[in-house]
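The chain contents come next:
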Amino acid sequence: MQLSTLLLGGGGKSLTSLFSLVYLFVFLPGCIIVYTALPKKCKKYFLLLASYAFFWLISSSLIIYLILTTFSAHYFGIWLDRIGTQMRSHLAELPKEERKAAKAVCVSKQRRVLALAVILHIGLLLVLKYSPFFTTNINTLLSKLGVSVQLEVPAAIMPIGISFFTLQAVSYVIDVCRGVVKAEDDLFKLALFISFFPAIIEGPICRYGQTADQLWDCDKIQYKNLTFGIQRILWGMLKKVVVADRLNNFVTTIFDTDKDYSYGGAIIAIAAVLYTVQLYMDFSGSMDAVIGTAEIFGITMPENFRMPFFSRTISEFWQRWHISLGAWFKDYIFYPVTTSKKMKKLTSSARKKLGSHYGPLIAGAVALFCVWFCNGLWHGSAWSFIFFGMYHFVLILTGNILEPLVQAVNKKLHINSGWFVYRLLQIIRTGVLVIIGELFFRARGLKAGMMLFGRIFTDQRFEEVNEKVFDKLRLDTYDLIIVGITLLIVFTVSILNERGVCIRESLAKRHIALRWAVLYGLILFIIVFGAYGGTYAPVDPMYAQF
Amino acid sequence: MNTAAKHFTNAVSFVAGLLLMLFLISKAVTPAEGTVDNGVDSKDANGILAEPENSIDLLFVGDSETYSSVIPLELWDKHGFTSYCLSSSAQKLYYAEELIEAALSRQRPRVVMLETNMLFTKFNFDDSLLHKAGSVLPVFKYHDRWKVLLDGFMGEETDTSEESEFKGYRLYTKVNPADAAGYMKPSDQKAAIPSRCKSYLKEIKEYCEERGAQFILFSTPSTKNASYPRHNAITALAKQLGIEYIDLNTDKSIKIDWSTDTRDRGDHLNYLGAAKATKAIGEHLAKKELLPDHRGEEAYSRWDELYKVFTKKVKKALKKAGLS
């Protein structure tokens, strides 16, 4: 029997979760043991080999796309770097007055090469991820226009993690072009940066300057890193197995299984809240496992979440939720658009007419639109995802437009924006807006989202919110208590983290009996209260599909 | 002691302590043998444990297709067969194996019929691993029993010897018509049965036969799950393993009306469909004379009582649904 058949006999699900038993008790320990046994110079190559083995196990022959992406990024990086080097040496030889024109020629060439690189990488992503969506929409358009020709809808072939490793590769090429990082000569080093196994399924989307050197400069596993890494994985497991998986039956029934949408608005609203909790617990839990795994090998990965539900505005929310994606869009879409010549000109003329607040907003709105259109589309090939992006675009833009007015009203009414109650109301408002967005995000299509959202206001049926219905939806009182307790624990630890308290550091300084008691408590809590086995249906890593 | 040795000793002690705790918790959460509570996640299926010993001659094993399609009390009324549906929602083959083992520890059925939808339900290495872990440290299997224990602590303990009033069948009278245009469209293709499912099937078949039960595969009517490629794949596998296979989807005499006999657009049957499917199964088994007729025997008088209750409930439910 092939290894892939053994591990992936269930449709490849054994390894796609960093909380799967195969990963935690076979793959990861195996990697740690072999990594420890190997001499220092071989460790980095082993990490690369392990990463490719991991990807092959989850994607089989689709690994070719990872290889192609790596070769392409490597080649374009070197090409761009060479143009830059040639430009510098060429400019040094030229008289000062000719330099500007010569530089413009080189920069233009560099931009053309960069455009080609971006088109190739993003083009591959578009073809693999969006072909069925585009073709279906073209067919709909053709049929509405009365054209009898219909295109064949291609089957979706999407390697897991392509949305993540493509963005990493593109960021590397752009950073080389910008001179932020030097092009990497060593193909293997770049390959490891793009494919490092814990991060390839759901990110975080790292920059070359953040992790490449750390990954390549492998050192032996430190006891502290090992224990801290395991603790971080356990923390993620608590979020995922106890909360996210427990809420899955309820959420799935409302959004998927109940095809006739037989429940009233009150239950739908609860499902939207629970889905938002589930998504956060699933994704941030997975990030804990990624960061914890990397920590074992002595690698510091960037954090992807920072207490997002404490945000006072939608804009702030996206600076705290999926941070690496937001930062990617900011650096590689928002800034290039706002700083382009045309936009600068537009801002300059708008500033004169509309003032220093509203003037820059026009160019900002164009850039924001591009960011949120791409953000929506990045999450999936469906109109509901584009709507999700546009929803946040409108909310953020509205927030920016209304900001002076809100400040004026606050001043007039003597409202201190630092007041606790005021901040709390802002947090609640932001939470509600996020939950509405997630309802559309989770619904089976835009039409279904509209219907579900409408029902919250038109057909609440509050009488359905009772123990019997919750039991039917497989979320009984005990489940709710466990979810509540776990959220309270996560909330407390998050606040402590926010205040700069590192629980693991302070725990490490305590007596061994206390340390072990806390760890035993955590492990046993997960084992006893985890939603696994029986009729539980663990949720697949939610961001792996994007 | 150097640092590495100290760390190693600590790690070993920590794991040993954890295993000891898991062992103790396992003792606390494992239910008494032979109780319905023995499988907290599927009470109906585990109702078999509350049946008198050696009283069930026929077992139906499967997922929701089974408890929606087979009515043991109708089989009793028409043929005097004592049967039970060992079925639970989205049941996987490894769980079916466990349920059969639990059932056969108290029953000596003459026939075990396994519904084939499970053969196409994929499960991964993790599921099997967790299943094995549960047999070594039962806390992995019964961890969710803390709810039952807490109920007991709070004075609301469920009756763990409670029988399933419909012998594992679940009554549904909702009608949600199916579009049966493409249902069982002839094809020579064969659907793929996962290799892991095939191995479990072989194991279950051998286990049943070793205990004197004839093992039969059957497919219940479903526009969503049944197809000719699946039929062809199961037929070939059944032939290879020497198992009898009954496909109710190819049996034209059943006359399932997909505009009235399904509760969820063809995925599962409602009572009207289940009555037709049960009739066909009963007639098939009666022809083969594999099972004894226990009607009139005093030891089985409870079945008559349950059938009366069942018919009353069916009438009421059909009336409520506007079907009578």
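Residues numbered from 1 in each chain as written. Chains lettered and ligands numbered in written order. Predicted model: local features only at pLDDT ≥ 70, side-chain atom pairs only at ≥ 80, totals over all residues. Heavy atoms only, no water.

Engineer: An account of the overall build of chain B is requested, with residue identities and associated values reported.
Structural biologist: Summing up its helical and strand segments, chain B has twelve helices and five strands in all. For chain B, the C-alpha radius of gyration of 22 Å lies close to 20 Å, the compact-globule estimate for 324 residues. Along the three orthogonal principal directions, the C-alpha set of chain B runs to about 80 × 50 × 40 Å. Here the contacts in chain B between residues at least 6 apart in sequence split such that 83% fall between residues at least 24 apart. (Helix = DSSP H or I, 4+ residues; strand = E, 2+ residues; numbered from the N terminus. Rg over C-alpha atoms; globule rule 2.2 N^0.38 Å. Contact = heavy atoms within 4.5 Å.)

Engineer: Run through the overall build of chain A, naming residues and quoting values.
Structural biologist: Per the secondary structure count, chain A includes 20 helices and zero strands. Taking 24 Å as the expected radius of gyration for a compact globule of 546 residues, we find that chain A reaches 25 Å, a close match to that expectation. Dimensions of chain A, computed from the C-alpha atoms along their principal axes, are close to 80 × 65 × 65 Å. Residue burial in chain A is summarised as follows: out of 546 residues, 52% are buried. In chain A, once contacts between residues fewer than 6 apart in sequence are set aside, the share between residues at least 24 apart is 76%. A total accessible area of about 25500 Å² is found for chain A, and carbon and sulfur atoms account for 67% of it. Where the 55 positive side-chain charges of chain A centre and where its 35 negative ones centre are 8 Å apart. (Buried < 20%, exposed > 50% of the residue type's maximum accessible area, 1.4 Å probe, protein only. Areas by Shrake-Rupley, 256 points an atom, 1.4 Å probe, with all protein chains shown as cover. Lys, Arg positive; Asp, Glu negative; His and termini not counted. Charge placed at Lys NZ, Arg CZ, Asp CG, Glu CD.)

Engineer: Describe the domain arrangement of chain B, listing the residues and the values that go with them.
Structural biologist: Accessible area lost on assembly of the parts is the figure often given for the size of an interface. All names here are of chain B. Partitioning chain B into structural domains gives domain 1 (1-30) and domain 2 (33-320). Once you take the C-alpha centre of each, domain 1 and domain 2 turn out to be 42 Å apart. Contact residues are listed per partner, giving eight residues for domain 1 and seven residues for domain 2. Carbon and sulfur atoms make up 75% of the surface buried where domain 1 meets domain 2, a total of about 650 Å² over both sides. (Domains from an automatic or database assignment. Buried area = accessible area lost by both parts, 1.4 Å probe.)

Engineer: I'd like to hear about the interface of chain A and chain B, residue by residue, with values.
Structural biologist: Every contact between the two is made by 34 residues of chain A and, on the other side, 32 residues of chain B. Here chain A and chain B share an interface that buries about 3100 Å² over both sides, 66% of which is from carbon and sulfur atoms. Applying the counting criterion to the chain A and chain B interface returns two salt bridges. Note that Asp479(A) and Lys147(B) form a salt bridge whose closest N and O atoms lie 2.9 Å from each other. The tally of links between chain A and chain B comes to seven residue pairs in polar contact (both at pLDDT 80 or more). Among the elements of the structure, helix 1 (3-8), helix 2 (21-37), helix 9 (223-257), helix 18 (477-498) and helix 20 (512-529) of chain A are those that each provide at least two residues to the side of chain A that touches chain B. Per-element tally for the side of chain A that touches chain B: the top contributor is helix 20 of chain A, with nine residues. Across the side of chain A that touches chain B, the residue classes break down as 18 nonpolar, ten polar and six charged. (Salt bridge = Lys/Arg side-chain N within 4 Å of Asp/Glu carboxyl O. Polar contact = N/O pair within 3.5 Å; in protein donor to acceptor, adjacent residues only side chain to side chain. Nonpolar A, V, L, I, M, F, W, Y, C, P; charged D, E, K, R; others polar.)

Engineer: Let's hear about the pattern of salt bridges: which residues, and what values?
Structural biologist: One pass over the full model with this rule turns up 37 salt bridges over all chains. Across the pair Asp288(A) and Arg232(A) runs a salt bridge whose closest N-O atoms are separated by 2.8 Å. Pair noted here: Asp288(A) is in helix 10 (residues 265-296) and Arg232(A) is in helix 9, with a separation of 56 residues, a long-range link. Given the relative accessible area of 12%, Arg232(A) is considered buried. Between Lys141(B) and Glu98(B) there is a salt bridge, with the nearest N and O atoms lying 3.1 Å from each other. With a gap of 43 residues between them, Lys141(B) in helix 7 (residues 139-142) and Glu98(B) in helix 5 (residues 93-104) connect regions that are remote in the sequence. Note on Glu98(B): relative accessible area 19%, which makes it buried. Look at the salt bridges and you will find they share partners, linking Arg246(A), Asp476(A), Asp479(A), Asp144(B) and Lys147(B) into a network.

Engineer: Hey, could you go over a nonpolar patch on the surface for me, with residue numbers and the actual values?
Structural biologist: Residue and element names in this part refer to chain A. Together, Leu346, Leu354, Tyr358, Ile362, Ile401, Leu402, Leu405, Val406, Val409 and Leu413 make up a nonpolar patch on the protein surface, roughly 800 Å² of accessible area in all. Broken down by element, the residue count for the nonpolar patch peaks at five residues, all from helix 14 (residues 383-412). Structurally, the position occupied by Val409 is in helix 14. (Patch = residues over 30% accessible without salt bridge, like charges linked within 9 Å, V, L, I, M, F, W, Y side chains within 5 Å.)

Engineer: A description of the domain arrangement of chain A should follow, citing residues and the corresponding values.
Structural biologist: All names here are of chain A. Here the domain parsing of chain A yields domain 1 (18-220) and domain 2 (222-305 + 459-532). In this structure, domain 1 and domain 2 have C-alpha centres spaced 31 Å apart. Listed as interface residues are 22 residues of domain 1 and, on the opposing side, 23 residues of domain 2. Both faces considered, domain 1 and domain 2 share a buried interface measuring about 1900 Å² in area, 77% of it formed by carbon and sulfur atoms. Broken down residue by residue, the surface that domain 1 buries against domain 2 is led by Phe19, Glu202 and Pro204, which jointly contribute 35%.

Engineer: Before we move on, can you summarise unusual backbone geometry with the specific residues and values?
Structural biologist: All names here are of chain A. Pro204 follows Gly203 through a cis peptide bond whose omega is 10°. If you trace the backbone, Pro204 turns up in the loop between helix 7 (187-195) and helix 8 (208-216). Positioned with a positive phi, Arg461 is a non-glycine residue whose angle comes to about 50°. Looking at the secondary structure, you find Arg461 in the loop between helix 16 (446-458) and helix 17 (467-472).

Engineer: Help me get a handle on helix 12 (residues 323-338) of chain A, residues and values and all.
Structural biologist: The largest bend along helix 12 of chain A measures about 35° and falls at Lys330(A). Taken together, the buried residues of helix 12 of chain A touch helix 6 (162-178) and helix 13 (341-379) of chain A. (Bend = angle between axes of the 7 residues up to and from the residue.)

Engineer: Explain helix 5 of chain B residue by residue, including any values.
Structural biologist: Every α-helical turn comprises 3.6 residues, leaving residues that sit three or four positions apart pointing alike. Residues and elements named next belong to chain B. A rise of 1.5 Å per residue sets the reference length of helix 5, with its twelve residues, at 16 Å; its end C-alpha atoms lie 16 Å apart and thus fit the reference within 8%. The buried fraction of helix 5 is high, at ten of twelve residues. Looking only at helix 5, the buried set comprises Leu93, Tyr94, Tyr95, Ala96, Glu97, Glu98, Leu99, Ile100, Ala103 and Leu104. (Expected span 1.5 Å × (residues − 1).)

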